[in-house]
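Descriptive structure summary
Here is how the chains run, residue by residue.
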Amino acid sequence: MFERWREQMVKELVIGAGIRDPRVIDAFRKVPRHLFVDPAIRSQAYSGKSLPIGYGQTISHPTTVAIMTEMLELQGDEKVLEVGTGSGYQTAILAELADRVFSVERIQALAVKARHILEGLGYYRVAITVGDGSLGWAAHAPYDRILVTAGSPAVPPALIQQLNRGGRLIIPVGDENHQILKVIEKTDSGFTEVELEAFKFVPLIGRKGWQL
Ligand code: SAM
């Protein structure tokens, strides 16, 4: 049943949304999204609905996860930093496509739960820590890719510092109601910046994000 729903999600909300990278599409076929939400709402896991994961947070919409993942242009050998683990679903998708994934979540209970689910599924090349991801995760820097899954008022400087040369950072930036997706690439002489589509994300709360 879940497999059939997953295939329908892939057709409608991934391929149907314009995703073309076959590796990204395969990752969505593999990761059991229903295991990342509460058992009571598993039947809705493959819909396009915004679903709660507790603590006022939501699991990202499949299309949003797909678009941001494709934009990372992962080849398989990258070290990735994710800011905002949430349910761990996006983390699993990244783990399917990259070599190692480091993920920071500010809410301890979510981090613990996500770690448990990811370990249960055999994603051993993933590390999750509890902290303020607006400061990155310096201990494992530099990263080939950085993905921020919560909206920030500005690009936190630590994230640019922790990006490898030739690396790519994707972050929603804007006010609390409306953000654009920024794609920042670190070059030998500095960095380039491209702005894409409008999105609505939960806030990045932290020293270099929104203050509580
Ligand atoms: N991609 C996740 C998923 O698929 O479940 C959903 C992420 S949710 C939209 C954003 C997450 O960012 C929330 O879990 C929130 O607690 C977290 N967050 C917000 N500010 C943060 C910060 N400064 N550091 C780390 N995590 C943060």
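Whatever comes next refers back to the structure up there.
Residues numbered from 1 in each chain as written. Predicted model: local features only at pLDDT ≥ 70, side-chain atom pairs only at ≥ 80, totals over all residues. Heavy atoms only, no water.

Comments concerning the side chain of Glu105
Following the sequence through the fold, Glu105 ends up in strand S4 (residues 100-105). No salt bridge is formed by the buried Glu105, whose closest oppositely charged neighbour, Arg106, lies at an N-O distance of 5.8 Å. A polar atom in the side chain of Glu105 sits 3.2 Å from the backbone nitrogen of Thr85. Excluding its chain neighbours within four sequence positions, the residues that come into contact with Glu105 are Gly84, Thr85, Gly86, Leu110, Ala111, Thr129, Val130 and Gly131. (Helix = DSSP H or I, 4+ residues; strand = E, 2+ residues; numbered from the N terminus. Buried < 20%, exposed > 50% of the residue type's maximum accessible area, 1.4 Å probe, protein only. Lys, Arg positive; Asp, Glu negative; His and termini not counted. Salt bridge = Lys/Arg side-chain N within 4 Å of Asp/Glu carboxyl O. Polar contact = N/O pair within 3.5 Å; in protein donor to acceptor, adjacent residues only side chain to side chain. Contact = heavy atoms within 4.5 Å.)

Looking at the nonpolar core
A general feature of soluble globular proteins is that nonpolar side chains tend to end up buried together. Formed by 46 residues in total, the largest nonpolar core has its most connected members in Phe28, Phe36, Tyr89, Ile93 and Ile170. For this core, the secondary-structure elements that each account for two or more residues are helix H1 (2-14), helix H2 (22-30), strand S1 (51-54), helix H3 (62-72), helix H4 (89-97), helix H5 (108-120), strand S5 (126-130) and strand S8 (179-187). Here the element with the most residues in this core is H3; it accounts for six residues. Apart from the residues within four sequence positions on either side, Tyr89 is in contact with Met9, Phe28, Val31, Arg33, Phe36, Ile59 and Val65. (Core = buried A, V, L, I, M, F, W, Y, C linked by side-chain atoms within 4.5 Å.)

A look at the packing of H2 against H4
Running from N to C, H2 and H4 cross one another at 130°; their axes reach a closest spacing of 9 Å. By the criterion of interaxial angle, the relationship of H2 to H4 is oblique. Crossing handedness for the pair H2 and H4: right-handed. Each of Arg23, Val24, Ala27, Phe28 and Lys30 in H2 lies in contact with H4, whose residues at this interface are Tyr89, Ile93, Glu96 and Leu97. Looking at the contact of H2 with H4 residue by residue, the classes come out as six nonpolar, no polar and three charged. (Axes fitted to C-alpha atoms, helices over the stretch in contact; angles between N-to-C directions. Parallel < 35°, antiparallel > 145°, perpendicular 65-115°, else oblique. Left-handed = near helix turned anticlockwise from the far one by under 90°. Nonpolar A, V, L, I, M, F, W, Y, C, P; charged D, E, K, R; others polar.)

As for the side chain of Gln179
Checked against the element boundaries, Gln179 lands in strand S8. With a relative accessible area of 2%, Gln179 lands in the buried category.

Some details on the site of the ligand
Among the 25 residues in the neighbourhood of the ligand, the closest are listed as Ser87, Glu105, Asp132, Gly133 and Ile205. The contact in question runs from an oxygen atom of the ligand to an N or O atom on the side chain of Glu105, over 2.6 Å. One of the backbone N or O atoms of Gly133 is found 2.7 Å from a nitrogen atom in the ligand. Coverage of the ligand by the protein chains reaches 99% of its 610 Å² of free accessible surface. If you list the elements that add at least two residues to the shell around the ligand, you get strand S2 (57-59), H4 and S4. In terms of residue count, the dominant contributor to the shell around the ligand is S2 (three residues). The residue inventory of the shell around the ligand, partitioned by class, reads 10 nonpolar, 12 polar and three charged. (Near = heavy atom within 4 Å. Areas by Shrake-Rupley, 256 points an atom, 1.4 Å probe, with all protein chains shown as cover.)

Points about the pattern of salt bridges
Oppositely charged side chains are able to pair whenever their charged atoms sit close together. Under the defined criterion, the tally for this structure stands at 10 salt bridges. A salt bridge links Arg29 to Glu7; the shortest N-O distance between them is 2.9 Å. Remark: Glu7 occurs in helix H1 and Arg29 occurs in helix H2; sequence separation between them is 22 residues. A relative accessible area of 36% means that Arg29 is categorised as partly exposed. Given the relative accessible area of 26%, Glu7 is considered partly exposed. For Arg168, the salt bridge goes to Glu73, with nearest N and O atoms at 3.5 Å. Separated by 95 residues along the polypeptide, Arg168 in strand S7 (residues 163-174) and Glu73 in the loop between H3 and strand S3 (79-83) bring together distant segments of the chain. When its relative accessible area of 14% is taken as the criterion, Arg168 is described as buried. When salt bridges with common partners are traced through the structure, they connect Glu7, Asp26 and Arg29 into a single cluster.

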